[in-house]
Amino acid sequence: RFTNVVLILIYHLVALLLRYWLLAVAVPVQAPHQVLLTNDGHLPAEYFVLMLGINCLSVHYAYMVEKIMRKDFYVMESIFRSKNQALEILTGMFPQEVVDHVLMKVRKEDPCMRKLQSDCGIVTILFCDIYDFDGITQSLRPMELVQLLDLVWMLFDRICERHGTVKIETVGKTYMACAMPENGAAASSDTVAQGASKAVLTGISMLGLVSQRFTGIGKLTHVDVRIGVHTGRALSGVVGSTKPQFALFGDTVNTASRMQSTGKRGCLHAS
């Protein structure tokens, strides 16, 4: 835009020069108006200087407008990137249902956002626990232990994404995931069976992963896990106002946890 304005003003100045030097003619003037003309019919040089000043002011104004518009573009681009980053963080922390709920309330500018609680219907919950975690803690330095957990949980996240299960949370040495139907309580029996299959396949993939040499952290080459899976009804909700967390509630959660704690090393215990 600024370049176009400058070109137009340059064209205007060139036209003025041509008019002033090449095409000068006497201009008849009637009273009471008075226009000062030179003897040869040219306008005085002061008029040309005045027009030059007006053009310079126009260029300065166009430059300032372009500068402000560019700054506004940079600010809007930064806000857009920040929104995308915030959306990625929300998507990583909560299921899509919770993210959609939060975005809907933000668009409506509703300061009193209701608590998100829903009946998930029949779900399949998976608990995976690192076996002999106390012994691993004693054999690794704190930094190496953090690296181990980060590596294992990151690989488990990829497995859940590949099989269509939802990561719920990680607490210390325990990883929790769930296969939830999209329709919730209205899901059909076939959908529930597909969810159970996804959870079992997720657990089998986890067992296959940890059975291989993949860590290389300290002297540890692999870890052993116990996995428990249970299918039943559960409720979901976001709890807490500071660092809110999406969680599942019900006897199904407790049963799946007991299936894991009573299972065998390197096995998947399902009910």
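For the structure itself, look to the data block above.
Residues numbered from 1 in each chain as written. Predicted model: local features only at pLDDT ≥ 70, side-chain atom pairs only at ≥ 80, totals over all residues. Heavy atoms only, no water.

Enquirer: Can you help me understand the pattern of salt bridges in this one?
Expert: On inspection of all chains with the given rule, the structure shows 6 salt bridges. A salt bridge links Glu144 to Arg141; its shortest N-O distance comes to 3.2 Å. The partner of Lys167 in a salt bridge is Asp157, and the shortest N-O contact between them spans 3.4 Å. One end of the pair, Lys167, is in strand S2 (residues 166-171); the other, Asp157, is in helix H5 (residues 142-163), and 10 residues separate them in sequence. (Salt bridge = Lys/Arg side-chain N within 4 Å of Asp/Glu carboxyl O. Helix = DSSP H or I, 4+ residues; strand = E, 2+ residues; numbered from the N terminus.)

Enquirer: Would you take a moment to explain unusual backbone geometry for this structure?
Expert: Most peptide bonds are trans, and most residues other than glycine sit at a negative phi. In this model, Asp132 sits at a positive phi of 55°, which is unusual for a non-glycine residue. Relative to the helices and strands, Asp132 resides in the loop between strand S1 (117-130) and helix H4 (133-139). The exposure class assigned to Asp132 is partly exposed, which follows from its relative accessible area of 48%. (Buried < 20%, exposed > 50% of the residue type's maximum accessible area, 1.4 Å probe, protein only.)

Enquirer: Would you take a moment to explain the packing of aromatic side chains for this structure?
Expert: Two descriptors summarise a pair of aromatic rings, namely the distance from one centre to the other and the angle between the planes of the rings. Tallying each qualifying case throughout the model produces 4 aromatic pairs. Ring geometry for Trp153 against Phe156: centres 5.8 Å apart, planes inclined by 45°, an arrangement best described as tilted. Taken together, the positions of Trp153 and Phe156, both in helix H5 and 3 residues apart, correspond to about one turn of that helix. You can call Trp153 buried: its relative accessible area is 9%. One aromatic cluster in this structure is built from Trp153, Phe156 and Tyr175. (Phe/Tyr/Trp six-rings, centres within 6.5 Å; stacked < 30°, edge-to-face > 60°.)

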